[in-house]
Amino acid sequence: MRVPLLWLHDYTVPQLTPRELEQRLTLTGTKVEAVHAHGVSALEHFVVGKVLSAEPHPDADRLSICFVDTGLGPTHPSQIVCGADNVAAGQTVAVASPGAVMPDGTRLKTAKLRGQPSNGMILAEDEVGIGGDHWGIMVLDDALAAGTPLIEVLPIATEVLELEITPNRPDCLGVYGVAREVHAATGAPLAPAPWLDGAGGDESGDIPGVSVEVRCPDLCPRFTLRAFENVAIGPSPTWLKARLSAAGQRPINNVVDITNYVMLLTGQPLHAFDADRVAGGTLVVRRATDGERVTTLDDVDRSLDARMVVIDDAEGPTSIAGIMGGNRSEVHEGSTRVLLEAATWDGPNLQRTSTRLGLRSEASGRFEKGLSAGSTQEAQAVAARLMVELTGATLVPGTIDVDHREAVEPRVLRLREARVERLLGLAVARADQARILEALGFTVADAEDGLDVTVPHFRAADVTREVDLVEEVGRIHGFDKLPGTLPSRRGAIGVLAPEQRLRRRTEDALIGAGLYEVVGWSFTSSAAQARLGTSVAPLRLRNPMSEEQAVMRTHVLTSLLQTAETNARRGTPDVRLFEIGSVYLPWDEARERPPGRWDPPAGTLAAAAWADRALPDERTHVAALLAGAARPASWNDGDPPRADLFAAKGVLEALGRALRVELAFSVPERDGAAEPFLHPGRAARVLAGGAPAGWVGELHPSLLEGGAAFEVDLGVLIAQAQGVPVYRDLTSFPALREDLAVSLADAVPAAAVLDIVRRAGGKLLASAEVFDVYRGAQVGEGRQSLALRLAFRAGDRTLTSDDVAPARAKIIKRLREELGGELRD
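Caption draft 1: Examining the packing of aromatic side chains more closely. Tallied over the entire structure, the rule returns 7 aromatic pairs. Ring plane angle 90 degrees and centroid distance 5.4 Å describe the contact between Tyr-11 and Tyr-176, whose orientation is recorded as edge-to-face. Taken together, the positions of Tyr-11 in the loop between α1 (5-8) and α2 (18-27) and Tyr-176 in helix α3 (residues 175-186) put the pair 165 residues apart, joining distant regions of the chain. When sorted by exposure, Tyr-11 lands in the same class as Tyr-176, which is buried. Ring geometry for Trp-239 against Tyr-261: centres 5.6 Å apart, planes inclined by 85 degrees, an arrangement best described as edge-to-face. One end of the pair, Trp-239, is in helix α4 (residues 238-246); the other, Tyr-261, is in helix α5 (residues 254-266), with 22 residues separating them in the sequence. Residue classification places Trp-239 among the partly exposed residues on the basis of a relative accessible area of 33%. Linked through ring pairs, Trp-7, Trp-239 and Tyr-261 together constitute an aromatic cluster.

Set out below in structure tokens:
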């Protein structure tokens, strides 16, 4: 929502700078996204001028050489070369002299045009941000004196507030609604509502020759219509064009501009029909039929379905209700009779129609948020006055008002002083509460323990409870003024569930390993999903926001890759990232959902959905991605840092230790990988307590050059996590360390070797690790040598070589028998 300050100041003028107003509104909940400058700057260079003479350019047929009095007197005119066809001697015009800054930021300079000097410009409307006309220069009132600052004559410059209006506040989608908020937030006086000065004719009644029928009152609760005769179509006055242009609307003609102006002022959209083009004189509001077609004002032929609403006449649909009119009943230059419609439409239905047709308008964006039906007559009152004033129209007596709403008295809520103090933690005087609510448009009466507050129609959908009134008082009084207090909840003790504690421990472990957490979308594109090459078909959204977010991700890796690629494009190829998020898998009867504490509680709606497969198989995964020189900084082993399988595996093992989960790694066949997007031979499947949990490995170069990653099911890890830590007694006896070098086939993974060593080592074996790998002539082609470091320890004595000799011999024997390993000297 763009609110020009020159327009806002018609209703309230706060004694604040635009930046101060921005801060005040944002603090009260009406967020200002930005403050823009609209129009021109360096205003001292824009003045009123008098054209003393206008002669053809000697070397250009379409140019004129003009001498213009810009306030220095006829004896010191400025020579200006002008290309407008309508320039003539004797005119009063708008002039920009050298130094002026135009709307696009260009600073005007003295120039030569076809050999003739030009000291400025004679201005058209679009050259000062008023409208879009460029066919000719503006001709001003002859009573204006040369040299008069142009800003005193025309609205050529204003600041514009760009507001982010939340869906619950459609009343702020109009300038007067924003003015009401400014009035409440700053205390600046507020002018009466513009609809209180209407053009009469607001009484309900028939209009001769026109009728309305609403066949779907559930989708159109209220439909109002007024008629005008003797309408003269033409350009709008400058003040109206300036306001529309600053608010982001293109001026078209006076009737269309009036509908847009009233919409931007009141928040209620209107639509103008050429009454002579409404076949049969009857407008019917109904559901469309499947395959029915209508050509809208943008000259696009659109196909409708039975859930959409149209307005038709005797010849068929003439507009798509609440979104866009049809070109068949469009107001045009020859229109003399106009019907103005202001209606209320069902927001969810309109949002669906807009999305289905790929057609969004200023009107549909307002109706989607649930406009009050009481706004229709307010908009009609303002529009009627402007139609009479700006088009010379005659208002036909009567207003057709088809209102299917049940008669409901305005809601009255009790606001208790004690309740305000309890929720805000601060006492706000009753008089201050009343002042705030009245400034916001509520009606207030004293009650025994507080106030009785009547909710206005434009806040009825938003303010339904006492706590909503407390929020209104709090935000205008100033949330920044509230003291820091804890909520008073008797007996409440904040305790994290076991799953929550383990999730936090997961985050801490990965951050401690030098990784940065990211939060990605659960949606992704089909192309990004296809890059992984998996056989799992992703779930496609019925109503995607865009093709880039059209399917649900099956791997968290997808969003990590997108984040890494974004960083690389911005010059940061080396990243260490992790994310904890959901993945969404189609149900496969052959695949069981892993049991764990994260299953929905029995008897809940979520449990029922899992049971009948009504929802996707949603799981929470934790994934990490290391790219480039992205080995954790804490690993200072002297080797050049690189993101490889061992770096990713080390981070995953650190996570396993933090959760107290026993992780194991299963290596696929040498010509395969744990997943199709992993590098063959440099990947492994991850087991947690023997249960399949995920994968770890180096990424295939087609996905990311020099990247390694892992992704595991957090539900599986949590199900296997040891809730109670197990401690061992400390011993003061030293360990006996021995090294072994074992020659094995190159295809034997180190994990298999360590598994056998640990099982054969018995109780005396305290630890075992691989500290070196050798391949070369000394072990022969197709073989490798693994150097193992073993540590033996006993709790009651210092061990000798004789004590560990049996365990050592058993280890060597088992390696020979099971893996074909040979001890090297």
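There is more to say after this.
Caption draft 2: View of the packing of helix α18 (residues 750-760) against helix α19 (residues 801-819). In contact at an axis separation of 9 Å, α18 and α19 are set at 140 degrees when each is read in the N-to-C sense. Classified by the interaxial angle, the pair formed by α18 and α19 is oblique. Judged by the twist between their axes, the crossing of α18 over α19 is right-handed. Side by side, α18 and α19 meet where Ala-752, Val-753, Ile-756, Val-757, Arg-759 and Ala-760 of the first sit next to Ala-807, Lys-810, Ile-811, Arg-814, Leu-815, Glu-818 and Leu-819 of the second.

Caption draft 3: Focus on the sheet that holds strand β29 (residues 575-585). Ordered in space as β26-β29-β30-β34-β33-β32-β31, the 7 strands form an open sheet in which the pairing is mixed. Pairing within the sheet leaves two strands with one partner each, and these edge strands are β26 (516-517) and β31 (663-666). The pairing of strand β30 (residues 617-627) with strand β34 (residues 707-713) spans 7 bridges and is antiparallel. Considered in β34, the bridge of His-621 is made with Asp-713.

Caption draft 4: Examining the confidence of the model for the protein chain more closely. Chain-level statistics for the protein chain give a pLDDT mean of 89 and a share of 92% at 70 or above. For the stretch residues 594-598, pLDDT sits under 50, and the model shows 16 contacts to residues farther than four places along the chain or on other chains. Counting contacts from residues 630-641, a segment whose pLDDT is below 50, to residues more than four positions away or on other chains yields 17 contacts.

Caption draft 5: Main features of the environment of Val-51. Checked against the element boundaries, Val-51 lands in strand β3 (residues 46-57). Taking the relative accessible area as the measure of exposure, Val-51 reaches 3% and is therefore buried. Sequence separation of Val-51 and Pro-237 is 186 residues, and the distance between their C-alpha atoms is 23 Å. Dropping the residues within four chain positions of it, Val-51 is found in contact with Cys-66, Phe-67, Val-68, Ala-88, Ala-89, Gly-90, Gln-91, Val-93 and Ile-122.

Caption draft 6: Quick look at the pattern of salt bridges. Per the stated rule, a full pass over the model turns up 48 salt bridges. With its nearest N and O atoms 2.5 Å apart, the salt bridge here joins Asp-452 to Arg-414. Of this pair, Asp-452 sits in strand β25 (residues 450-454) while Arg-414 sits in strand β23 (residues 412-416); the two residues are 38 residues apart in sequence, bridging distant segments of the chain. Take Asp-452: its relative accessible area is 22%, and that puts it in the partly exposed class. A salt bridge links Asp-796 to Arg-797, with the nearest nitrogen and oxygen atoms 3.2 Å apart.

Caption draft 7: Representation of the sheet that holds strand β37 (residues 783-792) within the structure. Taken in spatial order, the 4 strands make up an open sheet running β36-β37-β35-β38, and their pairing is antiparallel. The outermost strands of the open sheet, each flanked by one partner alone, are β36 (765-774) and β38 (822-823). Where strand β35 (residues 736-745) lies against β37, 10 bridges are found, and the strand directions are antiparallel. Residue Leu-744 lies in a different strand from β37, and its bridge partner there is Gln-784. Sitting on the sheet, α18 touches β35, β36 and β37, and the angle it makes with β36 is about 150 degrees. Against the sheet, α19 engages β35, β37 and β38, with an angle of about 15 degrees to β35.

Basis of the calculations
Residues numbered from 1 in each chain as written. Predicted model: local features only at pLDDT ≥ 70, side-chain atom pairs only at ≥ 80, totals over all residues. Heavy atoms only, no water. Phe/Tyr/Trp six-rings, centres within 6.5 Å; stacked < 30°, edge-to-face > 60°. Helix = DSSP H or I, 4+ residues; strand = E, 2+ residues; numbered from the N terminus. Buried < 20%, exposed > 50% of the residue type's maximum accessible area, 1.4 Å probe, protein only. Axes fitted to C-alpha atoms, helices over the stretch in contact; angles between N-to-C directions. Parallel < 35°, antiparallel > 145°, perpendicular 65-115°, else oblique. Left-handed = near helix turned anticlockwise from the far one by under 90°. Contact = heavy atoms within 4.5 Å. Pairing = 2+ DSSP bridges. pLDDT = per-residue confidence, 0-100. Salt bridge = Lys/Arg side-chain N within 4 Å of Asp/Glu carboxyl O.

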